[in-house]
Amino acid sequence: MYDKKRLYIVNDSSSDRVLLSDLFSEDYEIIQASNGKDALDFLLSGEPHVDVMLLDVFMPGIDGFTVLARLNERGLTGKFPVIATLPDDATNDDVRRAYAGGAVETVQISYISKLTLRSSLELFKGKKDIMARLETVNDRRDVMREINGAMMDRFSSVFYVNIATMEYYTCK
């Protein structure tokens, strides 16, 4: 349906949106929003196809942290990777807050590159694959526990041994 992966750029700075669009337009179909409200309206309008989102966390009005919180409330942060874009003067608390909100990566706008985006997508895909495999392993473990429990019940009721005399007795 889509020839290119879709990159959703949410940033209140038109110059940053132009910079990011120019940097990634060769490899991605670009979708943009200039504020948190428009971003949420788009993302919550159904199941929009987004492969990765670059989210400015310091926007006026509804900021990126609030966008992350609302996406988390609806279980959408696991559907596509969100990379939080930060200003050069961001603090460690800002970075922690972005990760706590569900960002898979944080990056300063002045240092963003194609490699950053590619790495984040690969890490996100790898995490989803691992979680799917873990779920399969857990499902199989639960089935094996049920089978083992049934077998133990069956065999424990079949016989027992008097250790003192080494005589075997059946229960049925």
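This text goes with the structure placed above it.
Residues numbered from 1 in each chain as written. Predicted model: local features only at pLDDT ≥ 70, side-chain atom pairs only at ≥ 80, totals over all residues. Heavy atoms only, no water.

Chemist: What is the right way to read the environment of Tyr8 from this model?
Modeler: Along the chain, Tyr8 turns up in strand E1 (residues 5-10). Using a relative accessible area of 1% as the deciding quantity, one classes Tyr8 as buried. Note: C-alpha distance between Tyr8 and Glu29 (21 residues apart in sequence) is 8.5 Å. Each residue touching Tyr8, except ones within four places of it in the same chain, is listed here: Ile31, Gln32, Ala33, Asp38, Ala39, Phe42, Leu43, Val50, Val52, Met53 and Leu54. (Helix = DSSP H or I, 4+ residues; strand = E, 2+ residues; numbered from the N terminus. Buried < 20%, exposed > 50% of the residue type's maximum accessible area, 1.4 Å probe, protein only. Contact = heavy atoms within 4.5 Å.)

Chemist: Hey, could you run me through the pattern of salt bridges in this one?
Modeler: Side-chain pairs of opposite charge can arise where the charged atoms are in close proximity. All chains considered together, the criterion is met by five salt bridges. The residue Arg74 makes a salt bridge to Glu73 at a minimum N-O spacing of 3.9 Å. Judged by its relative accessible area of 48%, Arg74 is partly exposed. Between Arg96 and Asp93 there is a salt bridge, and its shortest N-O distance comes to 2.7 Å. Of the two residues, Arg96 and Asp93 both sit in helix H4 (residues 92-101), three residues apart, roughly one turn of that helix. Assigned by exposure class, Arg96 and Asp93 land together as exposed. (Salt bridge = Lys/Arg side-chain N within 4 Å of Asp/Glu carboxyl O.)

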